[in-house]
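A structural walkthrough
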Amino acid sequence: MKNPSIWLLWLCCAASVQAAESAGTVKTLKGTAHIERGKARIEVAVGTSLQTQDRLHSGPASGVGITLRDSTLLTVGANSMIELNKYAFDRSTNAGQMDASIKRGTLAVVSGQIAKNNPNEVVFRTNTVTLGVRGTEFIIDVGEEAPR
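This report concerns the structure included in the present document. Just so we're clear, the structure is a prediction, and the values are computed from it rather than from any experiment.

What follows concerns unusual backbone geometry. With a phi close to 75°, Gln-53 is a non-glycine residue in the positive phi region. In this structure, Gln-53 sits in the loop between strand S4 (49–50) and strand S5 (55–58). For Ser-71, which is not glycine, the phi torsion reads 80° and is therefore positive.

Below, the structure written as structure tokens:
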């Protein structure tokens, strides 16, 4: 590029897009749910993006279906809260890492490419158990959040 200012602007924009890259997308929603992203509260709708460090809260009689970039399917049950602690996925190599916490409620999982290619890099945590993924489909039922 002939104009260094434009090149610098392009680099800054590319870096900010990558930093806020979506880990997945809400594909189905029954009832209500919201995401806590930093200090922001985002009402969930079909098409809402899920990012690393988001906390997703589902309401009573609600459910949220999420597809992550590696094709992992997450189904969050009613009155649940999950946090996506870490998520990275490289589509060209199928390498990645996922670490999620289930603080309350239920989560059904159908694992995707990360678990298929790097099962040691997929972890689900509860207040009492850390689950490493070796299978392809499972359900986690935490119940109520333990006092801190």
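Attention now moves to the nonpolar core. Formed by 26 residues in total, the largest nonpolar core has its most connected members in Leu-56, Ile-66, Leu-68, Tyr-87 and Phe-124. Of the residues forming this core, the biggest block, 5 residues, is contributed by strand S9 (residues 95–110). Those residues within four positions of Leu-56 in sequence are excluded, and the remaining contacts are His-34, Ile-35, Val-44, Val-64, Ile-66, Val-76, Ser-80, Met-81 and Ile-82.

Let us look at the pairing of S9. Bridge count between strand S7 (residues 73–76) and S9: 4 bridges; the pairing is antiparallel. Bridge pairing in S9 places Val-76 opposite Leu-107. Sheet analysis places strand S8 (residues 81–90) next to S9, joined by 9 bridges and oriented antiparallel. Residue Ile-82 lies in a different strand from S9, and its bridge partner there is Ile-102.

Turning to the environment of Arg-55, a few remarks are in order. Relative to the assigned elements, Arg-55 resides in strand S5. In this structure, the C-alpha to C-alpha distance between Arg-55 and Ala-100, residues 45 residues apart in sequence, is 9.8 Å. At 3.1 Å, the side chain of Arg-55 and the side chain of Glu-83 are in polar contact.

A separate point is the pairing of S7. Side chains of S7 alternate between two faces, with Leu-74 and Val-76 buried and Leu-73 and Thr-75 left unburied. In this structure, strand S6 (residues 63–68) lies alongside S7, joined through 4 bridges in antiparallel fashion. The residue bridging Thr-67 from the neighbouring strand is Leu-73, located in S7. Between S6 and the antiparallel strand that follows it, S7, lie 4 residues; Ser-71 among them carries a positive phi value of about 80°.

Once that is clear, we can look at the environment of Asn-79. Here Asn-79 lies in the loop between S7 and S8. Sequence separation of Asn-79 and Gly-59 is 20 residues, and the distance between their C-alpha atoms is 5.0 Å. Apart from residues no more than four positions distant in its own chain, Asn-79 is found in contact with Ser-58, Gly-59, Pro-60, Arg-104 and Gly-105.

Basis of the calculations
- Residues numbered from 1 in each chain as written.
- Predicted model: local features only at pLDDT ≥ 70, side-chain atom pairs only at ≥ 80, totals over all residues.
- Heavy atoms only, no water.
- Helix = DSSP H or I, 4+ residues; strand = E, 2+ residues; numbered from the N terminus.
- Core = buried A, V, L, I, M, F, W, Y, C linked by side-chain atoms within 4.5 Å.
- Buried < 20%, exposed > 50% of the residue type's maximum accessible area, 1.4 Å probe, protein only.
- Contact = heavy atoms within 4.5 Å.
- Pairing = 2+ DSSP bridges.
- Polar contact = N/O pair within 3.5 Å; in protein donor to acceptor, adjacent residues only side chain to side chain.

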